Amino acid sequence: MSRPTSSTSAALKRGAGALLGVLATLLLASVVSFVVLRAVPGDPARLIVGPLATPDVLAGVRTQLGLDDPLWLQYLHYLRDFATLQWGYSYSNGADVTAVIAARLPATLELALWAFLFAVVGAVVVATLASYRGGALAGVAKVVSLVGLGTPQFWVALVLVLVLGSSGLGVLPGPSGRLTSFLEPPPHVTGLYTVDGLLAGQPIVFSDALAHLALPAISLALIPGAFLTRLLTANQADVARAPFVTVVRSKGVSRWAAHRRHVLHNALLPSLASAGLVLASLITGSVLVESVFNWPGIGQVLVQGVQRQDFAVVQAFVLLSAVLYVAANTAADAVVALVDPRLRVSTR
Amino acid sequence: MTASRAQAGVAAGLLAALVVLAVVGLFLQDAAVKVDVASALQAPGAAHWFGTDAQGRDVFARVAVGTSIALASGIATVAVGGGLGLLIALVCGLGPRWLDAVLVRLLDAVMAFPALLLALAVTMAFGTGLLTALLGVVVTVVPVFARTLRAEARRATSEPFVQAARTIGLSTPHIAVRHVVPYLGTTLSVQLAANVGNVVLVLSGLSFIGVGAQPPTPEWGAMITEGLQNALTGQWWIGVFPGLALLLTVVAVNLLADSIPAVRAARRARRTRRSRRPRPNPVAAAAVKEA
Amino acid sequence: MSAAPSPALPALSVEGLRVAYGDVEVVRGVDLVVRPGEKVGVVGESGCGKSTVALALMGLLAAGGSVTGGAVTVSGSRVDYHDERALDRMRGSQLSLVFQDPLTSLDPVKSIGSQIAEALRRHSPRMSRAAVRARCAELLTAVGVPEPERRLRQYPHEFSGGMRQRALIAVAVANDPAVLIADEPTTALDVTTQAQVVDLLDSLVDGLGVAVVLVTHDIGLVSEFCDRVLVMYAGRVVEEVPSDVLFGGAAHPYTRALLESLPVPGRPRGEDLAWIPGAPPPLSALPPGCSFAPRCAWAQPECSVGTPPRVVVSEPSVAALRTALHTAECRRALEVPRG
């Protein structure tokens, strides 16, 4: 069989090309990030040692940071340090940036995962109902998604706290972190309190963690949810007009079954391509929302780093977000290539 | 068609109201920063429509001034960023292929950074403040324009009218300005409107974090940060009103952007219908004359 | 599976079908009777309402369209176009559709096998997996797709246009329907493939005894394939004619004009093809009287007044039972010279 092999090698070639493109984008992104870092008008060494240090101390720190090396060497060191997860030390308190981010990551991860879940489920339900029922419902969905796309997440967070949180109806816990203070965090397995709580058989921890999650996760889910709603509504409207839907109906399949099995399926595939955008919106959102809820995640690390003029933290965070964005897009492309029969490599 | 016209009408109405608020803000600049500890933390009422903040400043005056700041900075950054983006798009579309390839890679690399974080890094690098925040936002706007317009510009170069212009020996800058830019019209106007919304959001986000406009500047994001401190003690109005103004601005601009393609298409259809009736088709007329 | 209809009962009977999109009536009283095993063609220019008739019979009009009048009977039972569940039961089992464009008529992300199986499972939910698979393979073989087992696992993009149309025909005949409606089934295919698909339809009709309604703008195709031809103009059937007398025997000026505009191989070069002046009238603003009168070479002043009468051109002879009545909706049907 010569055809499958040739198509396999073609797919491999295509995959390798895509990978090279991704690497090039990442390298360029690191250059951009490095240029911005070097654009700092002040001397990073001066920022670290403070205004009162003697020139000797300053020179010592400069050498230590490699600031006297030629720029290209500095860039290579920067690249090496980023790739080997040595993201430097906080300018303000000397803490290991990598360790700080690693310690705070699970909190943000848990928040982002729940927000993602809310956004996807909400968007699929609203978009499907809107495109299936049409009429007024479609108009409402359109307005809601347009408004949702325009909401400042940190303000929504504030309003939610005022209305539902401790200073409002008190239905949900206000800005008080991940758990009620008298509860012990569950034994560490994944670092996600809801998951660990279930694993340890502590339903109270699970429900308390979920209650604490609800408001920040909703604030965070709003923009990606609105974005996905618009995308899925438009995609489903396009697919619903395709002749094959009439053919499916002509088999005797009911309108709802045809919509669910064929229209929704075809509409979901292309929306995978926006995985990177959704991730970017979750990262940005966590920066804006965590501080409102006093959520101990990496978003707050960044905000505190900004307030302390801590370039090491900000640089690591910013480049990391770009890497994650590119990785998400690449992963989504790979998933589409696996799931979409038109792109799938024939193995038969 | 009518739905999108109604939508454009709602958007225009909202924007008109916001412009009025911004103009009012120009006359309230003193009131917006006037500290009056005696009347601090008053709830909304006849004396202070939106109440007062912790230092007794009038929240309505601050929101109004914030509106003029937001509209001015939104329009300015989008104009500068959009102009630079258009320039890059034209270079990509009409220039040599290798340059296009290099520029696209670079744009993709810049776009890999979430807009808020890139703007944040640039702002921090050049020192905190509203002006550097504007610079940071411009950096994020340029690739968005360049990337979307480039695709259209590339398509334009394969259209017969551009190839015809090439064939009769028109210069590349002339083709770019007279033939390609009009072709980009709809995309450009949608991007202009949509990006004003994004820019206003990112700017307020920067101020919220603390790298944009600094207190006591009455910028919406900075005001929400201040309002956060009072929210837990019940003074909701300090943070809610600026956020509401921000939300309405972004929604109005997004509604406008969303309705532009349909409205433009309808207008074009009407224009061709009107022009077709009185004037005979020149090509057909020529054919008749020859026959 | 439906019981074989008795030969006396028509497989499909349509009386006075009317369809409107909003305020505009696009089908204005269409009558049609198809007996089991009979092949009836519906022809006309684009926009004459022929595709709308096909979709209306299936109950699958696009949003905004609705059946506003008439009675449709399939295998003796009346179709209620307001009962969606009954319609779902009828579609695919008694009345099937083969659609215009095979390239867009299959779901691109589902395998060919699953799309045929969907039609089987819908009407025989208790069929076992193995039985469904065997029947799908049998159907693909029947429509002339080689290596059915392998082909069933493939996706539409791996099929050529002709192969896709064959797969769609397999879907349509999966449940032995009484009537197969084929809406421009060959238009999107190249000429050699067209002939193959027509042959396939022909052999299926002979084998299954299914009645076929072939909707097309190709008057040459209907005259070859069909027993009877209905010519539509502006939402009405203007002539119903046995296809063996179509060439030479057509009575309606519109039908004659259509036939004269056909290119005939062997006609001397340089001789202009005949063409019909003007364009079909917009259905929202029909002229009074005969809709074709403004374009008709035979029109007289009275043609623009009142509905034209239906004129019987010739009665069927007893010897040719399958030959139906030849009628035309034209005041001057018997005056137009034929032959």
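In this report, the structure presented in the accompanying data block is examined. Only a predicted model underlies this, so the values are computations on that prediction, with no experimental measurement involved.

## Things to note about the overall build of chain A
- Looking only at helices and strands, chain A has 14 helices and zero strands in total.
- Secondary structure of chain A in N-to-C order comes out as α-α-α-α-α-α-α-α-α-α-α-α-α-α.
- Dimensions along the principal axes, computed over C-alpha positions, put chain A at roughly 85 × 65 × 40 Å.
- Buried positions account for 43% of the 348 residues belonging to chain A.
- The contacts of chain A with a sequence gap of at least 6 include a subset with a gap of at least 24, amounting to 69%.

## Brief notes about the overall build of chain C
- Scanning chain C for helices and strands turns up 10 helices and 12 strands.
- A globule of 339 residues ought to have a C-alpha radius of gyration of about 20 Å, and chain C, at 21 Å, matches this closely.
- Principal-axis analysis of the C-alpha atoms gives chain C an extent of 65 × 50 × 45 Å.
- Restricting to contacts in chain C with at least 6 residues of sequence separation, those with at least 24 account for 64%.

## Here we look at the interface of chain A and chain B
- The interface of chain A with chain B comprises 37 residues on the first partner and 43 residues on the second.
- Secondary structure elements with two or more residues in the side of chain A that touches chain B: α1 (2–38), α6 (135–149), α7 (153–163), α12 (275–293), α13 (298–307) and α14 (311–339) of chain A.
- Among the residues forming the side of chain A that touches chain B, the class breakdown is 30 nonpolar, seven polar and no charged.

## A word on the nonpolar core
- Of all hydrophobic cores here, the largest spans 273 residues; its most connected members are A:Leu158, B:Ala119, B:Leu120, C:Ile116, C:Val179 and C:Ile181.
- When residues in this core are grouped by element, the largest group, 17 residues, is from helix α9 (residues 203–240) of chain A.
- Leave out the neighbours within four places in its chain, and A:Leu158 touches A:Val292, B:Ile224, B:Gly227, B:Leu228, B:Ala231, B:Gly239 and B:Gly243.

## Some points on the pairing of strand β9 (residues 228–233) of chain C
All names here are of chain C.
- Within β9, six of the six residues are buried, which leaves the element mostly enclosed by the surrounding structure.
- The side-chain alternation of β9 yields two buried faces, one formed by Arg228, Leu230 and Met232 and the other by Val229, Val231 and Tyr233.
- Relative to β9, strand β3 (residues 39–43) runs parallel, the two sharing four bridges. When the bridges of β9 are listed, Val42 appears paired with Leu230.
- Note: β9 against strand β10 (residues 236–242), six bridges, orientation antiparallel. Directly across from Arg228, in β10, lies its bridge partner Pro242.
- Connecting β9 to the antiparallel partner β10 that follows it, the hairpin turn spans two residues, and Ala234 within it adopts a positive phi of roughly 50°.

## What to know about the interface of chain C and chain A
- With 25 residues of chain C at the contact, the number on the chain A side is 19 residues.
- Contributing elements (two or more residues each) for the side of chain C that touches chain A: α2 (84–90), β6 (95–98), α3 (112–123) and α6 (161–173) of chain C.
- A total of four residues in the side of chain C that touches chain A trace back to one element, the largest contributor, which is α3(C).
- Of the residues in the side of chain C that touches chain A, the class split is 11 nonpolar, seven polar and seven charged.

## Re the packing of α9(A) against helix α11 (residues 255–271) of chain A
Residue and element names in this part refer to chain A.
- It is the contact of α9 with α11, at a shortest axis distance of 8 Å, that shows an interaxial angle of 130°. By the angle class used here, α9 and α11 are oblique. In the packing of α9 onto α11, the handedness of the crossing is right-handed. Between α9 and α11, the contacting residues are Leu228, Leu231, Leu232, Asn235, Gln236, Val239 and Ala240 on the first element and Val263, Leu264, Asn266, Ala267, Pro270 and Ser271 on the second.
- Its residues assigned to classes, the contact of α9 with α11 shows nine nonpolar, four polar and no charged.

## Thoughts on the environment of B:Gln229
- You can see B:Gln229 is positioned in helix α10 (residues 220–231).
- Overall, B:Gln229 belongs to the partly exposed group, with 13 C-beta atoms counted inside 10 Å.

## Some thoughts on unusual backbone geometry
- Residue B:Pro216 is bonded to the preceding B:Pro215 through a cis peptide linkage, with omega at 10°.
- Here B:Pro216 shows up in the loop between α9 (185–209) and α10.
- For A:Asn294, which is not a glycine, the phi torsion comes out positive at approximately 55°.
- In this fold, A:Asn294 is placed in the loop between α12 and α13.
- Accessibility expressed as a C-beta count within 10 Å gives 13 for A:Asn294, which makes it partly exposed.

## Structural notes on the pairing of strand β2 (residues 24–34) of chain C
Residues and elements named next belong to chain C.
- Pairing analysis gives eight bridges linking strand β1 (residues 12–21) to β2, with the strands arranged antiparallel. The residue bridging Val14 from the neighbouring strand is Leu32, located in β2.
- From the end of β1 to the start of β2, which pair antiparallel, there are two residues, and Gly22 there has a positive phi angle of about 65°.

## Some thoughts on the packing of α7(A) against α9(A)
Residues and elements named next belong to chain A.
- Look at α7 against α9: their axes get within 9 Å of each other, and the N-to-C directions meet at 145°. Crossing of α7 against α9: the hand is right-handed. Taken together, the residues of α9 that come into contact with α7 (itself represented by Gln153, Val156, Ala157, Leu160 and Val161) are Leu215, Pro216, Ile218, Ser219, Leu220, Leu222 and Ile223.
- Here the contact of α7 with α9 is composed, by residue class, of 10 nonpolar, two polar and no charged.

## Focus: helix α4 (residues 71–83) of chain A
- If you check α4(A), its first and last C-alpha atoms are 18 Å apart, about what 13 residues at 1.5 Å a residue would give, namely 18 Å.
- Within two residues after α4(A), A:Leu85 carries a phi angle of roughly 60°, on the positive side.

## Here's the deal with the environment of C:Ala328
Residues and elements named next belong to chain C.
- Here Ala328 lies in strand β12 (residues 326–329).
- Along the primary structure Ala328 and Leu230 are separated by 98 residues, whereas in three dimensions their C-alpha atoms are 9.8 Å apart.
- Among residues more than four places away in sequence, those in contact with Ala328 are Val238, Glu239, Ala251, His252, Val311, Val313 and Ala333.

## Examining the sheet that holds β1(C)
Residue and element names in this part refer to chain C.
- Strand order in this open sheet of four strands is β2-β1-β4-β5, and the pairing throughout is antiparallel. Strands with a single pairing partner mark the edges of an open sheet, and in this sheet they are β2 and β5 (77–78).
- Examined bridge by bridge, strand β4 (residues 65–74) and β5 share two bridges and lie antiparallel to one another. Following the sheet pairing, Thr73 is matched in β5 by Arg78.
- Where helix α1 (residues 50–58) meets the sheet, it contacts β1, β2 and β4, and its direction lies at approximately 70° from that of β2.

## What about the sheet that holds strand β7 (residues 179–183) of chain C?
Residue and element names in this part refer to chain C.
- An order of β6-β7-β8-β3-β9-β10-β12-β11 is seen for the eight strands of this open sheet, with the pairing classed as mixed. For this open sheet the edge positions go to β6 and β11 (310–314), each flanked by a neighbour on one side alone. Strand after strand, the sheet turns through a mean of 20° between neighbouring axes, direction not considered.
- In terms of strand pairing, β6 meets β7 through four bridges, oriented parallel. Looking across to β7, one finds that Ser96 is bridged to Leu180.
- Where α6 meets the sheet, its contacts fall on β6 and β7, and the angle it forms with β6 comes to roughly 175°.

## Examining α3(C)
- Counting buried residues along α3(C), 10 of its 12 residues qualify, which places the element largely inside the surrounding structure.
- Looking only at α3(C), the buried set comprises C:Ile112, C:Gly113, C:Gln115, C:Ile116, C:Ala117, C:Glu118, C:Ala119, C:Leu120, C:Arg122 and C:His123.

Quick notes on the rules
- Residues numbered from 1 in each chain as written.
- Chains lettered and ligands numbered in written order.
- Predicted model: local features only at pLDDT ≥ 70, side-chain atom pairs only at ≥ 80, totals over all residues.
- Helix = DSSP H or I, 4+ residues; strand = E, 2+ residues; numbered from the N terminus.
- Buried ≥ 20, exposed ≤ 12 C-beta atoms within 10 Å, placed from the backbone.
- Contact = placed C-beta atoms within 7 Å.
- Rg over C-alpha atoms; globule rule 2.2 N^0.38 Å.
- Nonpolar A, V, L, I, M, F, W, Y, C, P; charged D, E, K, R; others polar.
- Core = buried A, V, L, I, M, F, W, Y, C linked by C-beta atoms within 7 Å.
- Pairing = 2+ DSSP bridges.
- Axes fitted to C-alpha atoms, helices over the stretch in contact; angles between N-to-C directions.
- Parallel < 35°, antiparallel > 145°, perpendicular 65-115°, else oblique.
- Left-handed = near helix turned anticlockwise from the far one by under 90°.
- Expected span 1.5 Å × (residues − 1).

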